[in-house]
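Breakdown of the fold
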Amino acid sequence: MHEKVLIIGGGLSGLLVANALRKRGVIVDVLDDGNNHSSRVAAGLVNPISFRRTLLSWNATLFYPSAKTFYEEIQKNATRAIIKELWLRRIFSSKEEVTTWKQRLFNPEFTPFLLPLVEEDAAFGPYGSGRVNGFCIDGEALLNQLKSTQNLIQKEFIPANIDPEQGVYDGTKYDKIIFCCGYRNHENPFFKHLPVQATKGQLLLVEWKNSDENTSYHRKCFALPKGDSRFKLGATFEWGELSLEPTLEAKEKLLSDFTSISSDTLVVKDQVVGIRPTSPDRKPIIGLHSEYPKLGIFNGLGTKGYLTAPYLANHFVDHLLTNAPLDPTVSLSRFER
Ligand SMILES: Cc1cc2nc3c(=O)[nH]c(=O)nc-3n(C[C@H](O)[C@H](O)[C@H](O)COP(=O)(O)OP(=O)(O)OC[C@H]3O[C@@H](n4cnc5c(N)ncnc54)[C@H](O)[C@@H]3O)c2cc1C
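Residues numbered from 1 in each chain as written. Predicted model: local features only at pLDDT ≥ 70, side-chain atom pairs only at ≥ 80, totals over all residues.

The next subject is unusual backbone geometry. Residue glycine 234 is joined to alanine 235 through a cis peptide bond whose omega torsion reads -20°. Following the sequence through the fold, alanine 235 ends up in the loop between strand E16 (230-234) and strand E17 (238-239). Look at threonine 54: it is not a glycine, yet its phi comes out positive at around 50°. With respect to the element layout, threonine 54 can be found in the loop between strand E4 (49-50) and strand E5 (55-56). (Helix = DSSP H or I, 4+ residues; strand = E, 2+ residues; numbered from the N terminus.)

Written out as structure tokens, the structure is:
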């Protein structure tokens, strides 16, 4: 029985675990220092298809409906728009991709996600395009909504203030203390041996005179509509890079990649930087400390955190509260053998 849990890190991962715990009657404190550089910056796209090889995203059949239901539920109590349904238009890059796409249209695993090809799809790019059912999340609005229902402590985590054996932090005793610190996991003395990696990503906010506000466009980059002819153009992948500075190189790359989507001229309004917490096998890193079982970690959400986190937060909470086994694919034990 867990009565009180401390979550360290109030990004997507920490707040979803906190939310799942509270729903199960656990008292939760969330400690966050207010320096979020991933969940708030993210484009928040939830795409069930991996476009590179026209495959389903990892566990999409399980994660996608779980994520959609979760965000729709949160939306009911929110005043700001959090979830927006979209068509994701993939502009094909070769004849082979068109052939594969057409094959996938007949595969029942893909049918909830791929839309039948229509005449209009041929008008995009030299090989045409195809559409996917997806949605996007306004990360800022989601985090604010989730924070409003949590007992939030705005402070930096101080390693000297924790007793890992007793589960005491700053003089308060907890049944569990869960670290959800994103790419800053290396600052954490208990879990820094785990390979949470930093992958910097940059996005441009651009003005694009495109009247279709319900479709995102995908080729070498993506253009995600944000209303009033504003689009988020992203995103770069810069491995092992911890600088939070925007770069001219990233801006030029994104603008050049956009020419694979359209020859229209864009006006750049802003450039933002974030750092994703990734892992070597692109799967999250979840579980309890082998020596200090009162300490746990939920991290490594990578590039698709908005798709995977709602299901996985519940999965982890089941493990915490009922000792249900953790899926070995996400368990931290795969890095501890
Ligand atoms: C440019 C970009 C685009 C992206 N686009 C998408 C997308 O379209 N779709 C998608 O699904 N995902 C996307 N992502 C990935 C997504 O943002 C991440 O998977 C997810 O947000 C990670 O959440 P997190 O809570 O683990 O990390 P974070 O959001 O980084 O949260 C960690 C929190 O812990 C706090 N913290 C850390 N250390 C301490 C400490 N010592 N003391 C106190 N607090 C601490 C930080 O302040 C922060 O609030 C994108 C990421 C980037 C950078």
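Alright, that's what it looks like, and here's the rest.
Moving on: the sheet that holds strand E1 (residues 4-8). As summarised here, the arrangement of the 6 strands in space is E8-E2-E1-E12-E20-E19, forming an open sheet in which the pairing is mixed. If you trace the sheet from one side to the other, it starts and ends with strand E8 (151-154) and strand E19 (285-288), each paired once. Averaged over neighbouring strand pairs, the angle between their axes works out to 20° when direction is ignored. With 3 bridges joining them, strand E12 (residues 176-179) and strand E20 (residues 295-299) adopt parallel strand pairing. Pairing of isoleucine 178 across the sheet is with glycine 296, part of E20. Along the sheet, helix H1 (residues 12-23) contacts E1, strand E2 (27-32), E12 and E20; its crossing angle with E2, the most-contacted strand, is approximately 170°. (Pairing = 2+ DSSP bridges. Axes fitted to C-alpha atoms, helices over the stretch in contact; angles between N-to-C directions. Contact = placed C-beta atoms within 7 Å.)

Below, the discussion takes up H1. Think of an α-helix as 3.6 residues a turn; residues three or four steps apart then line up on the same face. Compared with the 16 Å implied by 1.5 Å per residue over 12 residues, the 16 Å span of H1 between its first and last C-alpha is a close match. Of all 12 residues making up H1, 10 are buried, and the element is well covered by its neighbours. Taken residue by residue, H1 has Leu12, Ser13, Gly14, Leu15, Leu16, Val17, Ala18, Asn19, Ala20 and Leu21 as its buried positions. Residues of H1 that are buried make contact with E1, E2, helix H4 (139-147), E12, E20 and helix H6 (305-322). (Expected span 1.5 Å × (residues − 1). Buried ≥ 20, exposed ≤ 12 C-beta atoms within 10 Å, placed from the backbone.)

Remark: helix H2 (residues 60-76) packs on H6, axes separated minimally by 8 Å, with the N-to-C direction vectors making an angle of 85°. Regarding the angle of H2 to H6, the classification is roughly perpendicular. Across from Leu62, Phe63, Tyr64, Ser66, Ala67 and Phe70 in H2, the residues of H6 making contact are Tyr306, Leu307, Thr308, Pro310 and Tyr311. Taken together, the residues that form the contact of H2 with H6 break down as 9 nonpolar, 2 polar and no charged. (Parallel < 35°, antiparallel > 145°, perpendicular 65-115°, else oblique. Nonpolar A, V, L, I, M, F, W, Y, C, P; charged D, E, K, R; others polar.)

Per the domain assignment, the segments of the chain are domain 1 (4-40 + 142-195 + 280-335), domain 2 (59-137) and domain 3 (197-278). Put simply, the middle of domain 1 and the middle of domain 3, counted by C-alpha atoms, are 29 Å apart. Listed as interface residues are 12 residues of domain 1 and, on the opposing side, 8 residues of domain 3. A class-by-class count of the residues in the side of domain 1 that touches domain 3 yields 3 nonpolar, 8 polar and 1 charged. (Domains from an automatic or database assignment.)

This next bit is on the pairing of E20. Burial within E20 is extensive, with 5 of its 5 residues counted as buried. Side chains Leu295, Ile297 and Asn299 project from E20 onto one buried face, and the interleaved Gly296 and Phe298 project onto a second face that is buried too. Pairing of E19 with E20 involves 4 bridges; the strand directions are antiparallel. From the neighbouring strand, isoleucine 286 faces E20, where its bridge partner is phenylalanine 298. Where E19 hands over to E20, the hairpin turn is made up of 6 residues, counted between the paired strands.

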